Amino acid sequence: MEAKSDNKSAAGWRFDNSYARLPDTLFSRAAPVPVAQPALAVLNETLAAELGLDPSALQKGGADIFAGNLVPEGAEPIAQAYAGHQFGHFTNLGDGRAVLLGEQITPQGARFDIQLKGSGQTPYSRRGDGRAALGPMLREYIISEAMHALGIPTTRSLAVTTTGEQIAREGMLQGAVLTRVAASHIRVGTFEYANAIGDRAALEALTRHTLERHYPELAGADNPAQVLLGGVLERQAKLIAQWLCVGFVHGVMNTDNMALSGETIDYGPCAFIDTYDPATVFSSIDRGGRYAYGNQPNIAHWNLARLAEALLPLIDADKDKAVSAAENALGEFPARFRTHYTAGLRAKFGLVGEEDGDLELAQEFLDWMRMSLADFTSSFVALTAAAGSGEMTGPLNLGGGLPAGWYAKWTERVKRGRTNRSGIVEMMRKANPGVIPRNHRVEEALAAASAGDFSVMHRLLDALRDPCVETPGNSPYRDAPPSGGPPYRTFCGT
Ligand code: AMP
Ligand code: MG
């Protein structure tokens, strides 16, 4: 008992619970449900240290906390209420298998949600068991940490703990809990919920809380709801552009899976493209291609319209005025997205400065990739290598052969922009990571882990840590998958 109570604070936990001080319609008090036999499967020691936590104390006693068997001192666990449009249809949801322990305040004074996902039933569980399986929790750990290393805003993963319990899915699977770290878990669906229950005070408090927490520079504005909408829109425009530039497909961009902070959240059936095709869908349940790679900007725009609707009562007491202000704000999304996406493409192609034909030049290459089933990641790595070779006359290792004249056009354009070559190559290298969590590598790691061997996953995690630098350790992870076989499919894997 002695050791257990030491555990509650020894690791450096320093909780505040500002969300739990919001109007209580927004959440329910809910403790994690203890599990049979907590055991750490993976601990993110680097992240632990960033949070002001002691990695060795967590290695020793962290499993009990991460599995929900021991609530750390100062934490006030809650399940958050939210709604959401899932594949276009409005539903009431809430944390049905997660609890927010509280907000860890780092030694630098930053605030991070610490959430346990897979921690048992809550008042929002509906018919679910509140649990999660090991495979999908490790998958979220791997992909979210890869996204972080790629420089893309994302929730992060502090630990995965096995529970020693079996859960019933297609068959029986090992249960696990993911400890997720996020700027916050406030979603578009959180606002939809506050609006739907007609609790104006809660909607106002949530708006104020979100602005102060994520957009402090906008917090003093006359119309908080309107500036919040503008702020979120800008961050989402940038985020989706970043996704496209590395080939990421979220897979289930329901409004409950879009964070107001601008972080990527809720890794379910997500995956990275190998061959380039804007119509790529991995998720087995996305039959209409709603969340296809190339449709993500449209869907983000659609989701932001749902956020705008939820904010209407606060934007203006006069409904018509509110609608027209919201429409004006939303109308900016396509141009904002295009700005970020074009900037991202210019970096990928090594184009310094802005010329009229830049997008066409990029598009011609993208079209060629699609037609020739070229690998997205490897093609850009090859372009980067070409830019770095002599006078760009070196071999361009791109199997299928480019459209006539493209290489010369591109070379001329790069040279026109050149301030100095090493700067251009450096820019391209950063924009064209060679190591992404390739689907076949993720599957291989998960298969080994579910059989009790975590070493394959650890090698993959090491390789993903430095995606833009070629190292002996990561070179096996740079290759496209062997061709052939059925298209890759992901499952919502709950
Ligand atoms: P997700 O697919 O993780 O985004 O979850 C969508 C919604 O379903 C959220 O409200 C979850 O809390 C809920 N949910 C998913 N799996 C379960 C489960 N096993 N038990 C209870 N609720 C769940
Ligand atoms: Mg979700």
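Computed from a predicted structure; not experimentally measured.

**Remarks on unusual backbone geometry**
The phi dihedral of phenylalanine 87 is positive, around 50°, even though this residue is not glycine. Relative to the helices and strands, phenylalanine 87 resides in the loop between strand S5 (83-86) and strand S6 (89-92).

**A short note on the packing of helix H7 (residues 224-246) against helix H9 (residues 319-330)**
At their nearest, the axes of H7 and H9 sit 10 Å apart, and the two run at 20° to each other. As far as their axial angle goes, H9 and H7 are roughly parallel. Relative to H9, H7 is oriented so that their crossing is right-handed. Here Gln226, Leu229 and Leu233 of H7 lie close against H9, whose contacting residues are Ala325, Ala326, Ala329 and Leu330.

**Digging into helix H11 (residues 358-371)**
The first and last C-alpha atoms of H11 sit 20 Å apart over 14 residues, in line with the 20 Å expected at 1.5 Å per residue. Listed in full, the buried residues belonging to H11 are Asp358, Leu361, Ala362, Phe365, Leu366, Trp368 and Met369. The arc that holds every buried residue of H11, seen down its axis, measures 160°, which confines them to one face. Looking at the buried positions of H11, the neighbouring elements they touch are helix H10 (333-349), helix H12 (376-388) and helix H13 (406-417). Phi turns positive one or two residues past the end of H11, at leucine 373, with a value near 50°.

**Observations concerning the pattern of salt bridges**
Counted by the stated rule, this structure contains 30 salt bridges. Of the charged contacts, one joins glutamate 355 and arginine 416 as a salt bridge, the two residues approaching to 2.9 Å between their closest N and O atoms. One end of the pair, glutamate 355, is in the loop between H10 and H11; the other, arginine 416, is in helix H13, with 61 residues separating them in the sequence. A relative accessible area of 29% means that glutamate 355 is categorised as partly exposed. Between aspartate 462 and arginine 465 there is a salt bridge, with its nearest N and O atoms 2.9 Å apart.

**Section: the packing of aromatic side chains**
Evaluated as defined, the whole model comprises 20 aromatic pairs. Aromatic pair tryptophan 13 and phenylalanine 15: ring centres 5.3 Å apart, planes at 10°, arrangement stacked. Judged on exposure class, the residue tryptophan 13 and its partner phenylalanine 15 are both buried. Both rings, one in phenylalanine 365 and one in tryptophan 406, keep their centres 4.9 Å apart while their planes meet at 35°; by these two values the pair is tilted. With a gap of 41 residues between them, phenylalanine 365 in helix H11 and tryptophan 406 in helix H13 connect regions that are remote in the sequence. With a relative accessible area of 0%, phenylalanine 365 lands in the buried category.

About the cut-offs
Residues numbered from 1 in each chain as written. Chains lettered and ligands numbered in written order. Predicted model: local features only at pLDDT ≥ 70, side-chain atom pairs only at ≥ 80, totals over all residues. Heavy atoms only, no water. Helix = DSSP H or I, 4+ residues; strand = E, 2+ residues; numbered from the N terminus. Axes fitted to C-alpha atoms, helices over the stretch in contact; angles between N-to-C directions. Parallel < 35°, antiparallel > 145°, perpendicular 65-115°, else oblique. Left-handed = near helix turned anticlockwise from the far one by under 90°. Contact = heavy atoms within 4.5 Å. Expected span 1.5 Å × (residues − 1). Buried < 20%, exposed > 50% of the residue type's maximum accessible area, 1.4 Å probe, protein only. Arc of directions from axis to C-beta. Salt bridge = Lys/Arg side-chain N within 4 Å of Asp/Glu carboxyl O. Phe/Tyr/Trp six-rings, centres within 6.5 Å; stacked < 30°, edge-to-face > 60°.

Everything listed is a geometric property; what it means functionally is a separate question.
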